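Residue-level listing of the chains:
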Amino acid sequence: MNLDKLNHSLTPLFLGKVNAAIAVCVAAEPAALSTEQFHHLISLRHSLVLRELRRLSDDARSAFAENELTINRELEALALELKLAAKEEIVGFSRAQKAAKRYKK
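So, how was this worked out
Residues numbered from 1 in each chain as written. Predicted model: local features only at pLDDT ≥ 70, side-chain atom pairs only at ≥ 80, totals over all residues. Heavy atoms only, no water. Axes fitted to C-alpha atoms, helices over the stretch in contact; angles between N-to-C directions. Helix = DSSP H or I, 4+ residues; strand = E, 2+ residues; numbered from the N terminus. Parallel < 35°, antiparallel > 145°, perpendicular 65-115°, else oblique. Left-handed = near helix turned anticlockwise from the far one by under 90°. Contact = heavy atoms within 4.5 Å. Nonpolar A, V, L, I, M, F, W, Y, C, P; charged D, E, K, R; others polar. 1 Å grid on protein atoms, 1.4 Å probe; cavity = no way out; pocket = protein on both sides within 12 Å on 5 of 7 lines; lining within 4 Å. Points joined across faces, edges and corners; volume = space filled by probe spheres on them. Expected span 1.5 Å × (residues − 1). Buried < 20%, exposed > 50% of the residue type's maximum accessible area, 1.4 Å probe, protein only. Arc of directions from axis to C-beta.

Draft legend 1. How the structure looks around the packing of helix H3 (residues 35-55) against helix H4 (residues 58-104). H4 packs onto H3 with a crossing angle of 165° between their chain directions and a minimal axis gap of 11 Å. The angle between the axes of H3 and H4 places the two elements in the roughly antiparallel class. Crossing of H3 over H4 shows left-handed handedness. Across from Phe38, Ile42, Arg45, Val49, Glu52, Leu53 and Arg54 in H3, the residues of H4 making contact are Arg61, Phe64, Ala65, Glu68, Ile71, Asn72, Leu75, Leu78, Ala79 and Leu82.

Draft legend 2. Just the packing of helix H2 (residues 13-27) against H3, in detail. Contact pair H2 / H3: the axes reach a minimum separation of 10 Å and the direction vectors enclose 160°. Our classification of the angle between H2 and H3 gives roughly antiparallel. Of the two elements, H2 crosses H3, and the hand of that crossing is left-handed. For the pair formed by H2 and H3, the contact residues are Phe14, Leu15, Val18, Asn19, Ala21, Ile22, Cys25 and Val26 on the first element and Gln37, Phe38, Leu41, Ile42, Leu44, Arg45, Leu48 and Val49 on the second. Split into classes, the residues belonging to the contact of H2 with H3 amount to 13 nonpolar, two polar and one charged.

Draft legend 3. Region of interest: the side chain of His8. Tracing the backbone through its elements, the reader meets His8 in the loop between helix H1 (3-6) and H2. Residues contacting His8, with those up to four places away along its chain left out, are Phe64, Asn67, Glu68 and Ile71.

Draft legend 4. Inspection of the layout of surface pockets at higher detail. Taken as a whole, the second largest pocket holds about 230 Å³ of empty space. Along the walls of the second largest pocket sit 14 residues, with Ile42, Arg45, His46, Asn72 and Leu75 positioned nearest its centre. Grouping the amino acids of the lining of the second largest pocket by side-chain chemistry returns nine nonpolar, two polar and three charged.

Draft legend 5. Seen up close, H4. Its 47 residues give H4 an end-to-end C-alpha distance of 67 Å, which sits within 8% of 69 Å, the value for a rise of 1.5 Å per residue. Buried residues of H4: Phe64, Glu68, Ile71, Leu75 and Leu78, and no others. Elements in contact with the buried residues of H4: H1, H2 and H3.

Draft legend 6. Here's a closer look at H3. Taking 1.5 Å as the rise per residue, H3 with 21 residues should run 30 Å; its terminal C-alpha atoms sit 30 Å apart, in good agreement. All of the buried residues along H3 are Phe38, Leu41, Arg45, Leu48, Val49 and Glu52. Buried residues of H3, seen end-on, are gathered within an arc of 105° and therefore sit on one face of the element. Structural note: H3 exposes Thr35, Glu36, His39 and Arg54 on the side pointing more than 90 degrees away from its buried face.

Shown next, in the form of structure tokens:
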């Protein structure tokens, strides 16, 4: 996921910095991806979005929320992809471990 997908015209400065950190985190090799860091950044992003929604006027709030809803859907899809990849890796590891045990017998 690139930074252009995470930012929009109403993105405040600090949220933009968190978005940049998310883009860097996700751009890492799958083996180097830190799920703890990703979770922390997504949680921080959520807090910043909520804070910005409380701060904005009604018209700006509506436009900001629409933009963020689109971004959140993409982040949700990305998180699901990461979850499925991790699950496949665990299943593969478990199968390899069982095969190794059978081979030893």
